[in-house]
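# Fold and contact review
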Amino acid sequence: MPQDPLIAHSVSEVYLYLMATPCAACGQGPLTGPDRLDQVRRADPALIVRLDATCAVCNRAWPMRFRLPHGPGVDGDSGIAAVNLTDEPSRIIDVAQWLMLFRIIVDRAGRESDKAVSRRLGLEAAQCLEEALKFYDADNDLPPSSALFSEEARRRLADHPQDFSRQRLIEMRAKLPTLSAMRARALADATAAAAASPSRKRPAWWKRLIRGQG
């Protein structure tokens, strides 16, 4: 596992990276992280966080550090967690992994009985699809080689190019509500939950995740 800080756009992207990354020891996973991250205090204008990721299969622990140049990642209008508020593609999750995450999270959303949780998962899945599309050139239906970070991903593209069709992803995205509408609904769900249980109201999730940030 890498020793230097990995560049992430948000805390959400950090946890999605763990979901998408196989264990370097057993090749399985997924990796899981703690409920709370440690902030590394150092002379750096960007937020640096650290965690010990654990393989769900072999229980091997992997210390990791992430550099978040854009902070924890929160939509300024809704206050809801965002995966990536920039137009830059991810440096740590490739297009194949984003598509895998989309399928996994959509499946979870479909099996979730709590409607508010299902909608939150739907928002996360939609963002995964948006992140996959950031790798594509407008005049090419398939992603460039730079969008694939592993030999396995490149082999998957060669064997199943239809799964990576940009037009197909655009059509899938068109069937979903806009991110702004999904964030507005997620905010309404969170507000309703807080009103129903005011004594249990807690700080924003991203403040609780990072020690020293609230």
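Everything that follows concerns the structure shown earlier in this document.
Residues numbered from 1 in each chain as written. Predicted model: local features only at pLDDT ≥ 70, side-chain atom pairs only at ≥ 80, totals over all residues. Heavy atoms only, no water.

A word on the packing of aromatic side chains. Inspection of the entire model under this criterion finds two aromatic pairs. Aromatic side chains Y17 and F66 sit 5.8 Å apart centroid to centroid with 75 degrees between the ring planes, which places their arrangement in the edge-to-face category. Note that Y17 is positioned in helix α1 (residues 11–20) and F66 in strand β5 (residues 61–68), a separation of 49 residues in sequence. Given the relative accessible area of 8%, Y17 is considered buried. Ring plane angle 75 degrees and centroid distance 6.2 Å describe the contact between F135 and F149, whose orientation is recorded as edge-to-face. Of this pair, F135 sits in the loop between α3 (115–133) and α4 (151–159) while F149 is found in the loop between α3 and α4, placing the two residues 14 residues apart along the sequence. Looking at R60, its charged tip hangs above the ring of W62, at a distance of 4.2 Å from the centre. (Phe/Tyr/Trp six-rings, centres within 6.5 Å; stacked < 30°, edge-to-face > 60°. Helix = DSSP H or I, 4+ residues; strand = E, 2+ residues; numbered from the N terminus. Buried < 20%, exposed > 50% of the residue type's maximum accessible area, 1.4 Å probe, protein only. Lys NZ or Arg CZ within 6 Å of the ring centre and 35° of its normal.)

Here the residue pair G29 and P30 is connected by a cis peptide bond, since its omega of 5 degrees sits within 30 degrees of zero. Locating P30 in the fold gives a position in the loop between α1 and β2 (31–32). Despite not being glycine, N59 has its phi angle at roughly 65 degrees, a positive value. Among the structural elements, N59 can be located in the loop between β4 (47–55) and β5.

The next subject is the packing of α3 against helix α6 (residues 179–196). Closest axis-to-axis distance for the α3/α6 pair is 10 Å, and the angle between their directions is 150 degrees. Relative to α6, α3 is oriented roughly antiparallel. As α3 runs across α6, the sense of the crossing is left-handed. Contacts between α3 and α6 involve A116, R119, G122, L123, A126, Q127 and E130 from the first element and L179, M182, R183, R185, A186 and D189 from the second. (Axes fitted to C-alpha atoms, helices over the stretch in contact; angles between N-to-C directions. Parallel < 35°, antiparallel > 145°, perpendicular 65-115°, else oblique. Left-handed = near helix turned anticlockwise from the far one by under 90°. Contact = heavy atoms within 4.5 Å.)

Counting 45 residues, the largest nonpolar core has M64, F66 and W98 as its most contacted members. The greatest single-element share of this core, amounting to eight residues, is contributed by helix α2 (residues 95–111). Excluding residues within four positions of it along the chain, F66 makes contact with P5, L6, A8, V14, Y17, L47, I48, V49, L51 and I92. Core analysis: the next-biggest nonpolar cluster, separate from the first, contains six residues, I80, A126, L179 and A186 among them. (Core = buried A, V, L, I, M, F, W, Y, C linked by side-chain atoms within 4.5 Å.)

We now examine the pairing of β4. Each regular strand displays side chains that alternate between the two surfaces of the sheet. As paired elements, β2 and β4 share two bridges and run antiparallel to each other. Bridging across to β4, T32 finds its partner in T54. Pairing of β4 with β5 involves eight bridges; the strand directions are antiparallel. Within the sheet, the bridge partner assigned to V49 lies in β5 and is F66. Connecting the antiparallel pair β4 and β5 is a turn made up of five residues, with N59 showing a positive phi of about 65 degrees. (Pairing = 2+ DSSP bridges.)

All told, the structure shown has seven salt bridges when counted by the stated rule. Residue R111 pairs with D107 through a salt bridge whose shortest N-O separation is 2.9 Å. Separated by four residues within a single helix, R111 and D107 lie in helix α2, roughly one turn from each other. A relative accessible area of 41% places D107 in the partly exposed class. The salt bridge involving R119 is made with D189; its shortest N-O contact spans 2.9 Å. Remark: D189 occurs in helix α6 and R119 occurs in helix α3; sequence separation between them is 70 residues. When salt bridges with common partners are traced through the structure, they connect R119, R185 and D189 into a single cluster. (Salt bridge = Lys/Arg side-chain N within 4 Å of Asp/Glu carboxyl O.)

The next point concerns the pairing of β5. Here β5 shows a clear split, with W62, M64, F66 and L68 buried on one side and none of A61, P63, R65 and R67 buried on the other. With two bridges joining them, strand β1 (residues 6–7) and β5 adopt parallel strand pairing. From the neighbouring strand, I7 faces β5, where its bridge partner is R67.

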